[in-house]
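So the chains spell out like this:
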Amino acid sequence: MTSTAEKPVADQTKQPTAEAPLVVSGLRKSFGSQNVLDGVDLTADRGQTIVVLGKSGTGKSVLLKLMVGLQKPDSGSIRILGQEIVGLDMDHLNEIRKKIGFLFQQAALYDSLTVAENVEFPLDRHTTLPDGERREKVRTLLASVGMEDASNKLPSDISGGMQKRVGLARALALDPEILLFDEPTSGLDPITTAEIGELVVKLQKERNLTSVVVTHDIHSAKSFADRFVLLREGKVVIDGTFSQLEQSSDSFVVQFLKDAG
């Protein structure tokens, strides 16, 4: 393994001109004797989708949880929309979180609430919108992910792919500037996986979001990723376009792509 990440060629990857919405520097996180992240650097520009790859247990999901403040790093910096969140008090952290949408691996819908009520939950909790405006926004959000007709159903009444669509609508409810996806296509059949990928592209174009996607599914990720970041043993092995991954001579990158193929 190389000791430093291979860098993307400047004219092949979007480069931030001002401070990017998401900047991670020197991030380290351990659990007991297990060193999960070991000096990770990552920058995502506005409108850019970055896919984080790596074998199981390499810290991909931990990285997302650190970005949204669900866990604290041992050291390093996480700047969200120009604000350092490491060490931030809970009140200010919660304000920053309103600008971050998070789609959990299992959608994490509330079983006792209808589809519409799940999407309305953050609006009810964090806004002062009148009832009529909230309901209209929920309808618009569900329509944007193709789930308007399921508004009165419970999560148990819809498929896993539909639940992820609803989870995505809920993640968008507060009009975030950053969207984090944890395994958005995990457990889905190939057709539904392709539909979720198309939905990510559609919403990205419409909203110009900064997105970070953790996934094992490199094939679907190729349809929406601007850059790929590959982790190994808590370090970034390579950060670049898929073409640059294919051209890499790093033995781990070569084997990873072979295994994924």
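Residues numbered from 1 in each chain as written. Predicted model: local features only at pLDDT ≥ 70, side-chain atom pairs only at ≥ 80, totals over all residues. Heavy atoms only, no water.

Draft legend 1. Summary view of the overall build of the protein. Broken down by element type, the protein carries nine helices and ten strands. When its C-alpha atoms are laid out on the principal axes, the protein stretches across 55 × 45 × 40 Å. Taken over 261 residues, the protein has a buried fraction of 49%. Put simply, of all contacts in the protein between residues at least 6 apart along the chain, 68% involve residues at least 24 apart. Averaging the positions of the 30 positive and the 36 negative side-chain charges in the protein gives two centres separated by 2 Å. (Helix = DSSP H or I, 4+ residues; strand = E, 2+ residues; numbered from the N terminus. Buried < 20%, exposed > 50% of the residue type's maximum accessible area, 1.4 Å probe, protein only. Contact = heavy atoms within 4.5 Å. Lys, Arg positive; Asp, Glu negative; His and termini not counted. Charge placed at Lys NZ, Arg CZ, Asp CG, Glu CD.)

Draft legend 2. Up close: the environment of Val200. Along the chain, the position of Val200 falls in helix H6 (residues 190–207). As a C-alpha pair, Val200 and Pro184 span 16 residues in sequence and 9.6 Å in three-dimensional space. Sequence-distant contacts of Val200, that is, excluding residues within four places in its chain, are made with Phe181 and Phe224.

Draft legend 3. Region of the structure containing the sheet that holds strand E10 (residues 235–240). The mixed open sheet is built from six strands, whose spatial order is E6-E7-E8-E3-E9-E10. Of all the strands in the sheet, just strand E6 (100–103) and E10 have a single pairing partner and so form its edges. Along the sheet, successive strands turn relative to each other by an average axial angle of 15°, direction set aside. Here helix H9 (residues 251–260) sits on the sheet and contacts strand E3 (49–53), strand E9 (227–232) and E10; the angle it forms with E9, its principal contact strand, is near 110°. (Pairing = 2+ DSSP bridges. Axes fitted to C-alpha atoms, helices over the stretch in contact; angles between N-to-C directions.)

Draft legend 4. Expanded view of the nonpolar core. Judged by nonpolar contacts, the single largest core of 44 residues is most densely connected at Val51, Leu53, Leu142, Leu168 and Phe228. Apart from residues lying up to four places away in sequence, Leu142 is in contact with Val115, Ala116, Val119, Met147, Glu148, Ser151 and Ala169. Leu64, Met67, Ile100 and Val229 belong to the second-largest nonpolar core, a separate cluster that totals 30 residues. (Core = buried A, V, L, I, M, F, W, Y, C linked by side-chain atoms within 4.5 Å.)

Draft legend 5. Looking closely at the environment of Glu19. Structurally, Glu19 is set in the segment before strand E1 (22–31). With relative accessibility at 45%, the residue Glu19 sits in the partly exposed group. Taking the C-alpha atoms as reference points, Glu19 and Ile85, separated by 66 residues in sequence, lie 15 Å from one another. Discounting residues that sit within four places of it in the chain, Glu19 has contacts with Arg79 and Gly82.

Draft legend 6. Quick look at the pattern of salt bridges. Per the counting criterion, the structure on display carries 15 salt bridges. The salt bridge involving Arg227 is made with Asp239; its shortest N-O contact spans 2.8 Å. Here Arg227, found in strand E9, pairs with Asp239, found in strand E10; they are twelve residues apart in sequence, far enough to count as distant. Classification of Arg227 by relative accessible area gives buried; the value is 6%. Taking the relative accessible area as the measure of exposure, Asp239 reaches 12% and is therefore buried. A single network of salt bridges, built from pairs that share partners, joins Glu120, Asp124, Asp131 and Arg134. (Salt bridge = Lys/Arg side-chain N within 4 Å of Asp/Glu carboxyl O.)

Draft legend 7. Quick peek at the sheet that holds strand E4 (residues 75–80). What the four strands build is an open sheet, ordered E2-E1-E4-E5; its pairing is antiparallel. Two strands in the sheet have a free side with no partner beyond their single neighbour: strand E2 (34–44) and strand E5 (83–84). Direction of pairing for E1 relative to E2: antiparallel, over a ladder of eight bridges. Paired with Lys29 across the strands is Leu37, a residue of E2.

Draft legend 8. Main features of the pairing of E6. Side chains of E6 alternate between two faces, with Ile100 and Phe102 and Gly101 and Leu103 buried alike. Strand direction decides the pairing type here: E6 and strand E7 (residues 178–182), joined by four bridges, are parallel. Residue pairing for E7: Gly101 is matched across the bridge by Leu179.

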